[in-house]
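For reference, the chains in residue letters:
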Amino acid sequence: MEDALNKNNRLAYYYIWISILLSVILIGLYGVLMSFVEGMEILEFNLLIPWSMMISVYIFFVVSSTGLCIVTSLGHVFGAKRYELIGKRGVFLAIITIVFGMIAIMLHLGHPERSAVYVWITPNIRSAIWGMGFFYSFYILFIMIEYWLLARADLAKTANTSIGWKQVFYGLSTFGMRSESEEAVSRDHKFAKIAGVAALISGLSAHSTLGAVFGHAEARAYWYGAYYPIYFLLSATFSGLAWLILMTVATYKIKSEEMPEKLKKLVFEMAKILAFLLSVGLLFMSYKMGFGLLDDAKAKTIMLFINGPLSVSFWGFEVGIGTLLPIIMLLISVKRVSLNGILAASFLVIVGLFMMRYDFVVAAQVYPVFKEVPSLFPALMEIFVIAGIFAGFFFVYTLAEKFLPLKETEH
Amino acid sequence: MQWEDNNLSRRDFVKLLGAAPASLVINVEKNGRRYAKLVDTSKCIGCRRCMSACKRWNNLPPYEVPETLVRDMDGTTYTVVNFKRSSRDAEIGKFIPWSCQHCIKPACAGVCPVTAISKNPVTGAVVVNEDKCIGCRYCFQACPYKVPRFDFHKRITRKCHLCYDRIPKLKPACVAGCPVDALDYGYRDLMLRKARQKAQLIKGYVLGEQEAGGTDVITILPAPPEEMGLIVAPKKVVNEDIDKVRISFSGFTAAAGLAGLLYLYSRFGKGE
């Protein structure tokens, strides 16, 4: 009786969650529609700051995607068996993060349809954006193949054991390869490794070029240099870890399922690495800010963080909520074996990262254009669209959790 | 016979025909001087006919003057004229026509992912191909002068193209429209010589000689650009390819290093 009640309650919450997400998606779609009707400028809070919210959300998502690819590659590329557990969820998250990142960049581009053509017809290999587009195209292809190979056996199993539309849907999703034999699974595994290697190589290349997009910009002193291509790799790794911990633990909590012991162990291991990498990130950050202050070209921009309009966001979110607090929380929760603690900490890391991306993109563009610092707060429509993108992301994940094999299984 | 009238025998004519391609080459070398636009702020009276000539030639909508009266370029305004005063000496104040500086080695062309921006090395024009531009606005970031602007209606980047459809036969619309000869367009070396002479005379500054590795718009300023409140470009080529290689290489090296660390971690990490 109580079980049935619980189940009913959960179903109600599920529908509430879905309807909230759908309504936020609608708000986002309204923003997108208005940008077509009234002109793209409604998605820009200041016309003299050409890159703003869309670019920062794009970076936020694609960095997470590469990070997820890096973390999952530990399992089926580098052969650390325990990491194979999180393979499917990790790779699937890598797919949806990059897809929603791409949606954000499409909304930034004036003519996304042209980019798909001219990137291939008239490439400019001197341009970092071209390199990024080139590598990410392959990356998306490879991680999709990788996920399919990891999930095929499960999809086939569902197809073989169900009837009706379910059988058709899952049957189609296996592309007719419905064998569940050990041989087929080990073949999948072999190819998944190849796809994983390809995805990792293309992902890391794309990611270094993403850093170089900013690093190359000599006319933007704050971005310019070798720092960002390197730092982006580090922040990718910790954002990947944070996403994986957040989504894995949250999914088990919400479904009130007991986490397998092995997975729990792995999650705590990842939490420890996350704490370590966050502190390395803190070192990088202090290096950037400290040495930047000594450099005349960068000092003014850095003062925006330290003492300017971005100071709340920098000290509060990037340093406090996004780095220091999570490090402490992670260390304490690992010691106390508290899943709630690391869940909260990884959520804070994600929030901090989001703010960090925004600050990083916007701050560099203030000087030398503005004599007086303008407001750096995003426009309402930007917020609508971004909220829609995030809702879309969680919506797809929720559906996938229900219909696709994401669950931790051992090979 | 006509040939003989012109003192040109048939034999000579055939010789000339044979030599024609070679003479073309020689001509280019002899005449291979690049063009540039000269802006003489000491002559400018601030009538802004260059602005309207530009609008008319390029079929652009009229400009709405902001309340601050400080004109800024936008997606459909390629050139502006503002009165600027020196920060050092308030007596020094001039109207300064401002637009794309048409760098000899344009950083914007180097970063455009679809090669929509091209530089004509002879006429000097840096032109955005409006049918190709994807609107990513990377050129905005690369430009040392922060010139490119976004046309939100056409959803592309637009900026001064030095009237590439007029030059070098006709002068750019702004130059043709200037009533006081404050603007000029011609061989770069001539323009530069003129600019240097004038700058020496008024104890001014020649902008565009070294800035961003040299630009094909040369401006005679009454004082250095930082004093006149203009964006200062470094006196070297911005975004050189070798520099980009250096930065990209550091990223790829770090990526390889990370892959190595992952390998080591999965081999030797205990996982407890």
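Residues numbered from 1 in each chain as written. Chains lettered and ligands numbered in written order. Predicted model: local features only at pLDDT ≥ 70, side-chain atom pairs only at ≥ 80, totals over all residues. Heavy atoms only, no water.

Let's talk about the pairing of strand 10 (residues 217-221) of chain B
Residues and elements named next belong to chain B.
Moving on, step 1. Here strand 10 lies mainly inside the structure; 5 of its 5 residues are buried.
Moving on, step 2. The side-chain alternation of strand 10 yields two buried faces, one formed by V217, T219 and L221 and the other by I218 and I220.
Moving on, step 3. Alignment of strand 1 (residues 35-40) against strand 10, held across 4 bridges, turns out to be parallel. Looking at the pairing, K37 lines up with V217 of strand 10. (Buried < 20%, exposed > 50% of the residue type's maximum accessible area, 1.4 Å probe, protein only. Helix = DSSP H or I, 4+ residues; strand = E, 2+ residues; numbered from the N terminus. Pairing = 2+ DSSP bridges.)

Remarks on the packing of helix 11 (residues 311-336) of chain A against helix 12 (residues 339-363) of chain A
All names here are of chain A.
Moving on, step 1. Where helix 11 meets helix 12, the closest approach of the two axes is 8 Å, and the angle between their N-to-C directions is 160 degrees. In terms of orientation, helix 11 lies roughly antiparallel with respect to helix 12. The two elements helix 11 and helix 12 cross, and the hand of that crossing is left-handed. Of helix 12, the residues touching helix 11 (which contributes S313, F314, F317, E318, I321, G322, L325, P326, M329, L330, S333 and V334) are G341, I342, A344, A345, L348, V349, V351, G352, M355, M356 and D359.
Moving on, step 2. Within the contact of helix 11 with helix 12, the residues separate by chemical class into 16 nonpolar, 5 polar and 2 charged. (Axes fitted to C-alpha atoms, helices over the stretch in contact; angles between N-to-C directions. Parallel < 35°, antiparallel > 145°, perpendicular 65-115°, else oblique. Left-handed = near helix turned anticlockwise from the far one by under 90°. Contact = heavy atoms within 4.5 Å. Nonpolar A, V, L, I, M, F, W, Y, C, P; charged D, E, K, R; others polar.)

Notes on the packing of helix 8 (residues 227-254) of chain A against helix 9 (residues 261-294) of chain A
Residue and element names in this part refer to chain A.
Moving on, step 1. The interhelical angle for the contact between helix 8 and helix 9, taken along N-to-C directions, is 150 degrees, at an axis separation of 9 Å. The angle between the axes of helix 8 and helix 9 places the two elements in the roughly antiparallel class. By crossing handedness, the relation of helix 8 to helix 9 is classed as left-handed.
Moving on, step 2. For the contact of helix 8 with helix 9, the per-class residue count stands at 24 nonpolar, 3 polar and 1 charged.

Thoughts on the domain arrangement of chain A
Residues and elements named next belong to chain A.
Moving on, step 1. When the domains of chain A are assigned, the result is domain 1 (7-216 + 378-405) and domain 2 (238-374).
Moving on, step 2. A C-alpha centroid distance of 22 Å is found between domain 1 and domain 2.
Moving on, step 3. Summing both sides of the interface, domain 1 and domain 2 together bury roughly 2,800 Å²; the carbon and sulfur share of this comes to 76%.
Moving on, step 4. In this structure, the connection of domain 1 to domain 2 is made through 2 salt bridges.
Moving on, step 5. In this structure, the salt-bridge partner of E401 is K255, at a minimum N-O distance of 2.8 Å.
Moving on, step 6. Counting every contact that joins domain 1 to domain 2 gives 7 residue pairs in polar contact (both at pLDDT 80 or more).
Moving on, step 7. Secondary-structure elements contributing two or more residues to the side of domain 1 that touches domain 2 are helix 2 (53-76), helix 3 (87-108) and helix 13 (380-403).
Moving on, step 8. Ranked by residues supplied to the side of domain 1 that touches domain 2, first place goes to helix 2 with 11 residues.
Moving on, step 9. Here the residues of the side of domain 1 that touches domain 2 are counted per class, giving 24 nonpolar, 6 polar and 4 charged. (Domains from an automatic or database assignment. Buried area = accessible area lost by both parts, 1.4 Å probe. Salt bridge = Lys/Arg side-chain N within 4 Å of Asp/Glu carboxyl O. Polar contact = N/O pair within 3.5 Å; in protein donor to acceptor, adjacent residues only side chain to side chain.)

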